[in-house]
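Structural features, examined
Chain residues, written in single-letter form:
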Amino acid sequence: MTVKNRVITATFAAAGLAGLLGAAAQPAAAAPELLAAPCVQKIAVVNNGGFVINFQITTRDGALSAATDDYPINEWRLVDLTSTPLTEGSDVRPLVHATAGDDVLGNSFVSYCTNGQTATYTASGTTLNYTVTLLT
């Protein structure tokens, strides 16, 4: 390869690299928000923590259902979303309240649809350090 060809090749390579870098520096277009899965009618929270809890259902925009009653370890409660003021099609998750402890949101949203299906979360840990994890 001659010196002239090397300069031309290097120039095109640099231009190509600059084009790639320029494209990479551009902000990405906002991806449309994905629907939460699964689609369920009921939400259950199993208490696997060494403390007493209750929970509410919350939406992405912060709407809340009424709270369940308080319940101890090795018990669970179920909320049928049709008995709440929440709108079908909303993405929802539990907001768990530990007695004398923290409030913790479920780790992922599910979609509310009237189909009889249940999403089950488990609350595990201690009053000041626990997680609420979707199982099904």
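See above for the structure.
Residues numbered from 1 in each chain as written. Predicted model: local features only at pLDDT ≥ 70, side-chain atom pairs only at ≥ 80, totals over all residues. Heavy atoms only, no water.

A word on the pattern of salt bridges
One pass over the full model with this rule turns up three salt bridges. A salt bridge links arginine 60 to aspartate 91, with the shortest nitrogen-to-oxygen separation between them at 2.8 Å. Residue arginine 60 is found in the loop between strand S3 (53–59) and strand S4 (76–80), and its partner aspartate 91 is found in strand S5 (residues 91–98); the two are separated by 31 residues along the sequence. Residue aspartate 69 is joined to arginine 77 by a salt bridge in which the shortest nitrogen-to-oxygen separation is 2.9 Å. Among the charged side chains, a network of salt bridges with common partners joins Asp69, Glu75 and Arg77. (Salt bridge = Lys/Arg side-chain N within 4 Å of Asp/Glu carboxyl O. Helix = DSSP H or I, 4+ residues; strand = E, 2+ residues; numbered from the N terminus.)

Observations concerning the side chain of glutamine 41
Relative to the helices and strands, glutamine 41 resides in the loop between strand S1 (39–40) and strand S2 (42–47). For glutamine 41, a relative accessible area of 11% corresponds to the buried category. Within polar-contact distance, the side chain of glutamine 41 engages the backbone nitrogen of glycine 116 at 2.7 Å. If sequence neighbours within four positions are ignored, glutamine 41 has contacts with Val79, Asp80, Leu81, Thr82, Cys113, Thr114, Asn115, Gly116 and Gln117. (Buried < 20%, exposed > 50% of the residue type's maximum accessible area, 1.4 Å probe, protein only. Polar contact = N/O pair within 3.5 Å; in protein donor to acceptor, adjacent residues only side chain to side chain. Contact = heavy atoms within 4.5 Å.)

A closer look at unusual backbone geometry
Working note: non-glycine residues mostly have negative phi, and peptide bonds are mostly trans. In this chain, alanine 37 is followed by proline 38 through a cis amide linkage whose omega measures 0°. Of note, proline 38 is situated in the loop between helix H1 (3–25) and S1.

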